[in-house]
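Residue-level structural notes
This is what each chain is made of:
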Amino acid sequence: MSDSWTQLKQDCAACQNCPLGATRTNLVFGVGDEKAEVLFVGEGPGEQEDLKGEPFVGPAGKLLDDMLAMIGLDRSRVYIANIVKCRPPHNRDPQPNEQQACIGWLERQVELIRPKLIVCLGRIAAMALIDPGFRITRQHGQWFDVKGRRIMATYHPSALLRDESKRPEAFMDLRELRKEIRERCPNTDIRYDTL
Ligand code: URA
């Protein structure tokens, strides 16, 4: 681990920039390959994530792992983080002031990882990273160039658990992601896909 990562993790672990810092069990920094070419960004930790200190380890995380496996990926070969690093109470959406207070940590992670592709999981991440007016039902699966970064959004795995009718569209987004990985991510081997 480089000094910059060590420093970033230390700084982040001490963060009390918003009220969520006072109620967290664990800060959920992120997980995966720090040199990943593909970065996935969710909205914020839920109960299981707060308890374990790792993103996407509850039911939504199981589905995310299955989705990654469909295109021959697993969480050790990508990087997974959230817009906010501490759990919002009762799993409510992170509020604008909480997102504002936290987004700098993600920015620093992006600067160190330098991913070729960023995938927003759900509306909250897409509104924060692509466009505040982002409409997930209309704009999922499309690539956007934002400040020199290539970003798309797909449905949040929790939304796919609540409403299975959205899954075929999410699978189309995964196919689009796979195509882009083949074109732009030479170090991300996705030969063993099933989608
Ligand atoms: N939902 C998210 O957005 N992030 C997590 O880490 C878990 C559930």
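This one's a predicted model, so the numbers in the text were calculated from it and none came from an experiment.

1. Points about the pairing of strand 3 (residues 79-82)
Along strand 3, one buried face is formed by Y79 and A81 and the opposite face, lined by I80 and N82, is buried too. Where strand 1 (residues 31-32) lies against strand 3, 2 bridges are found, and the strand directions are antiparallel. Bridge assignment links V31 to a residue of strand 3, and that residue is I80. By the bridge criterion, 4 bridges tie strand 2 (residues 38-42) to strand 3 in an arrangement that is parallel. The residue bridging L39 from the neighbouring strand is Y79, located in strand 3.

2. Topic: the side chain of R150
Among the structural elements, R150 can be located in strand 6 (residues 149-154). Of the residues examined, R150 reaches a relative accessible area of 17% and is grouped as buried. Side-chain polar atoms of R150 contact the side chain of E180, separated by 2.5 Å. With residues near it in sequence (within four places) discarded, R150 still touches K116, L117, I118, W143, F144, D145, E180 and R184.

3. Comments concerning helix 4 (residues 59-70)
Taking 1.5 Å per residue, 12 residues should reach 16 Å; helix 4 reaches 17 Å between its end C-alpha atoms and fits that length. For helix 4, every residue scored as buried is listed here: A60, G61, L63, L64, M67 and L68. Buried residues of helix 4 fall within an arc of 160° about the axis and therefore sit on the same side. More than 90 degrees from the buried face of helix 4, the exposed residues found are P59 and K62. In this structure, the buried residues of helix 4 make contact with strand 2, strand 3, strand 4 (117-121), helix 8 (157-162) and helix 9 (167-184). Positive backbone phi, approximately 75°, marks G72, located one or two places after helix 4.

4. Here's the deal with the packing of aromatic side chains
One pass over the structure, following the stated rule, counts 3 aromatic pairs. Each ring, one from W5 and one from F29, has its centre 6.1 Å from the other, and the planes form 80°; the classification is edge-to-face. Note that W5 is positioned in helix 1 (residues 3-13) and F29 in the loop between helix 2 (20-23) and strand 1, a separation of 24 residues in sequence. Accessibility assignment for this pair places W5 and F29 in one class, buried. Between the aromatic rings of F134 and F144, the centroid separation amounts to 5.7 Å while the plane-to-plane angle is 70°, which identifies the pairing as edge-to-face. One end of the pair, F134, is in the loop between helix 6 (123-129) and helix 7 (136-139); the other, F144, is in strand 5 (residues 144-146), with 10 residues separating them in the sequence. Residue classification places F134 among the buried positions, given a relative accessible area of 3%. A connected cluster of aromatic rings, assembled from ring pairs, spans W5, F29 and Y79. Note that K85 overlies the ring of F29, its terminal NZ or CZ placed 6.0 Å from the centroid.

5. Examining the environment of Q16
Tracing the backbone shows Q16 in the loop between helix 1 and helix 2. The spacing of Q16 and C102 is 86 residues in sequence and 9.7 Å in space, taken between C-alpha atoms. Residues within four places of Q16 in sequence aside, it is in contact with G21, A22 and R24.

What counts, and at which threshold
- Here the residue numbering is sequential within each chain, running from 1 through the sequence in written order.
- Thresholds applied to this predicted model are a pLDDT of at least 70 for local features of residues and 80 or more for the giving and counting of side-chain atom pairs; totals over whole chains, interfaces and linings are not thresholded and use all residues.
- Remark: hydrogens and water are excluded; side-chain values derive from all non-hydrogen atoms of the structure.
- Only protein chains enter the area calculation, which uses a 1.4 Å probe; residues under 20% of their type maximum are buried, those over 50% are exposed, and those in between are partly exposed.
- A helix here means a DSSP run of H or I that spans at least four residues, while a strand means a run of E at least two residues long, and both kinds are numbered starting from the N terminus.
- Strand pairing is assigned whenever DSSP identifies at least 2 bridges connecting the two strands.
- Residues adjacent in sequence count toward polar contacts only when both atoms are side-chain atoms; beyond that, a polar contact is any pair of N or O atoms within 3.5 Å, and within protein one must be able to donate a hydrogen and the other to accept it.
- Pairs of residues are marked as contacts when any of their non-hydrogen atoms sit within 4.5 Å.
- Helix span, as expected, comes to 1.5 Å for every residue beyond the first.
- By construction, the arc corresponds to the directions joining the helix axis to the C-beta atoms.
- Pairing of aromatic rings covers Phe, Tyr and Trp, the last through its six-membered ring, and needs centres within 6.5 Å; plane angles under 30 degrees mean stacked, over 60 mean edge-to-face, and all others mean tilted.
- A ring is scored as having a charge over it whenever the NZ atom of a lysine or the CZ atom of an arginine sits within 6 Å of its centre and within 35 degrees of its normal.

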